[in-house]
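# Secondary and tertiary structure notes
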Amino acid sequence: MIKYKDYHYLKKILYYITDHGMGHTTRSIAIIRELIKEGIQVTVRNSNIDYLNKSLPNINTISGTTDVGPTIEKNGISINENKTLENIGKWIDSIRLTSEKEYKIISNIKPNLIVSDISAMPFFAAHKAQINSVALSNFSWTDVLTGFSNKQMGLLEEAYGLSDLAIQLPLGTQMKSFKNKKQVGLVCKKSTGSRKVIRKKLGVKDSDICIFVNLPNHFMIKSKIPSNVKIISTGAHINSDNVKYIEPWIEGQNIITASDLVICKCGYGMISECLTNGTPFLYISDDNHLEQKAISDQLDAMGLENRITEKDLEGLILSKESISKIKVKKENNVTESVSNILKECIY
């Protein structure tokens, strides 16, 4: 069971972020920012150190692979099943050896709590070090991986079963492997400025319709774009001269705040930030990618049937009238509440 104590002196959290998907990283950053405000020292374990250092200046980081996710096809959405089975299979087979090495790192840091979103590996090491561990995610690998042996899936089940608590986010799977679960609302980064200020920085006029297209360069929008529509694209090709192509921003939630419409993949990060900003969105999903399917199914259940296909992009009508017909829902951002739950788990 989790042990609870006051935290009147410096406490340490060792935070593991999966190496698959930016949604895990961005929501973890949101939580870590709240923890830092409370004077808690956080060390992050992940391979994408450059991104973390830009988002969290002066944060303690330890570079390293925390797990292996599905291998994604060139379209940036679909899964390559053969390579996924091979790469993840090797990772699972080595998980005990990897966790033994991780135990040495944990023993050196001596954290008061270990959090994982959502690598299974740290739970073996945390259990051996007798340190409380918390899972935080909208899904677990045991819910979305298929084609692996019973032994391999059993290892993941065993690791997750060692966690003291699982904080279950919306837009995901049941997270069946965890014994002690606490359901919460959406966790994601908050805007760092007002809509007006951010639009001005982006060069978007008050009279412009701003559309954020966050899709890989595999995708293309061929429809006629009205002159008052300003498009910001992270890669997708747009049939318009009024497009600003950018590298994915560190504070991408700010572009969502500034936008009148977002067109994106069906990932937790983008969808959660659209929902907490109340920004209309359209998304592309692949039902063979079970995490995407879980998100899409929940959006349907919320009455947000905003899914489109790659073919739909070709004739997409992007006007003020068409955007006004897209169903919108605004959800609360509970990042601060979740950071409080983690603080209560420190001992």
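Look above for the structure.
So, a few notes on the structure that sits alongside this text. No experiment lies behind these values; they were computed from the predicted model shown.

Our focus in this paragraph is the packing of aromatic side chains. Summed over the entire model, instances satisfying the criterion amount to four aromatic pairs. On the basis of an interplanar angle of 45° and a centroid distance of 4.7 Å, the ring pair of tyrosine 160 and phenylalanine 178 is categorised as tilted. Taken together, the residues span a long stretch of sequence, with tyrosine 160 in helix H7 (residues 150-161) and phenylalanine 178 in the loop between strand S6 (165-168) and strand S7 (181-183) at a distance of 18 residues. Note on phenylalanine 281 and tyrosine 283: the rings are 6.3 Å apart at their centroids and 40° apart in plane angle, and the pair reads as tilted. Each member of the pair phenylalanine 281 and tyrosine 283 is classed as buried.

Glancing now at the pattern of salt bridges. According to the stated counting rule, one finds 13 salt bridges in the structure shown. When the shortest N-O distance is used, the salt bridge between aspartate 117 and arginine 27 registers 2.7 Å. Of this pair, aspartate 117 sits in strand S4 (residues 113-117) while arginine 27 sits in helix H1 (residues 22-37), placing them 90 residues apart in sequence. The exposure class of aspartate 117 is buried, given its relative accessible area of 0%. In this structure, glutamate 34 and lysine 37 form a salt bridge, with 3.3 Å as the shortest nitrogen-oxygen distance. Linking glutamate 34 with lysine 37, this pair stays in helix H1, spanning three residues, or about one helical turn. It is possible to trace a salt-bridge network through shared partners that takes in Arg33, Lys189 and Glu251.

Turning our eyes to something else, we now look at empty space enclosed by the protein. Enumeration over the complete set of coordinates arrives at one cavity of 30 Å³ or more. The volume enclosed by the largest cavity comes to roughly 60 Å³. Residue lining of the largest cavity: Asp67, Val68, Ile88, Trp91, Ile92, Ile95, Ala120, Trp141, Leu145 and Leu156, and that is the complete set. Here the lining of the largest cavity takes three residues from helix H3 (residues 81-93), the largest share from any one element. Considering only residue class, the lining of the largest cavity consists of nine nonpolar, no polar and one charged.

Here seven strands make up an open sheet; going across it, the order is S3-S2-S1-S4-S5-S6-S7 and the pairing parallel. Looking at which strands have only one partner, the edges of the open sheet turn out to be strand S3 (60-63) and S7. With direction set aside, neighbouring strand axes in the sheet form an average angle of 20°. Contacts from H1 reach strand S1 (12-17), strand S2 (41-46), S4 and strand S5 (133-137) within the one sheet, and its direction differs from that of S1 by about 170°. Contacts from helix H14 (residues 335-344) reach S4, S5, S6 and S7 within the one sheet, and its direction differs from that of S6 by about 180°.

Mapped onto the secondary structure, aspartate 260 falls in the loop between helix H9 (252-258) and strand S13 (261-265). Note: C-alpha distance between aspartate 260 and leucine 56 (204 residues apart in sequence) is 28 Å. Contact partners of aspartate 260, with chain neighbours within four places excluded, come to Arg195, Arg199, Asp208, Ile209, Cys210, Thr279, Pro280 and Ile323. Among the polar contacts listed, one links the side chain of aspartate 260 to the side chain of arginine 195, at a separation of 2.7 Å. Within the structure, the side chain of aspartate 260 is placed 3.3 Å from the side chain of arginine 199, a separation counted as a polar contact.

This next bit is on helix H10 (residues 268-277). Most of H10 sits inside the fold, with nine of its ten residues counted as buried. Taken together, the buried positions of H10 are occupied by Tyr268, Gly269, Met270, Ile271, Ser272, Glu273, Cys274, Leu275 and Thr276. Of the surrounding secondary structure, the elements contacted by the buried residues of H10 are H1, strand S8 (209-214), H9, S13, strand S14 (281-284) and helix H11 (290-301). Directly beyond the C-terminal end of H10, a positive phi value near 70° is found at glycine 278.

Let us look at the sheet that holds S8. Taken in spatial order, the five strands make up an open sheet running S12-S10-S8-S13-S14, and their pairing is parallel. Whereas interior strands pair on both sides, the edge strands pair on one side only; in this sheet they are strand S12 (243-245) and S14. The sheet shows a mean angle of 15° between the axes of neighbouring strands, taken without regard to direction. As judged from the five bridges shared by S8 and strand S10 (residues 229-233), these two strands associate in the parallel manner. In the sheet register, isoleucine 211 faces S10, and the bridge partner there is isoleucine 231. Sheet strands in contact with H10 are S8, S13 and S14, and its direction is about 160° off that of S13.

The α-helix advances 3.6 residues per turn, and as a result positions three or four apart in sequence lie on the same side. If you check which residues of helix H5 (residues 121-129) are buried, you get Met121, Pro122, Phe123, Phe124, Ala125 and Ala126. Where H5 is buried, its residues touch S1, H3, helix H4 (95-109), S4, S5 and H7. Positive phi appears at glutamine 130, one or two residues downstream of H5, with a value of about 60°.

Reading the values: rules and limits
Residues numbered from 1 in each chain as written. Predicted model: local features only at pLDDT ≥ 70, side-chain atom pairs only at ≥ 80, totals over all residues. Heavy atoms only, no water. Phe/Tyr/Trp six-rings, centres within 6.5 Å; stacked < 30°, edge-to-face > 60°. Helix = DSSP H or I, 4+ residues; strand = E, 2+ residues; numbered from the N terminus. Buried < 20%, exposed > 50% of the residue type's maximum accessible area, 1.4 Å probe, protein only. Salt bridge = Lys/Arg side-chain N within 4 Å of Asp/Glu carboxyl O. 1 Å grid on protein atoms, 1.4 Å probe; cavity = no way out; pocket = protein on both sides within 12 Å on 5 of 7 lines; lining within 4 Å. Points joined across faces, edges and corners; volume = space filled by probe spheres on them. Nonpolar A, V, L, I, M, F, W, Y, C, P; charged D, E, K, R; others polar. Pairing = 2+ DSSP bridges. Axes fitted to C-alpha atoms, helices over the stretch in contact; angles between N-to-C directions. Contact = heavy atoms within 4.5 Å. Polar contact = N/O pair within 3.5 Å; in protein donor to acceptor, adjacent residues only side chain to side chain.

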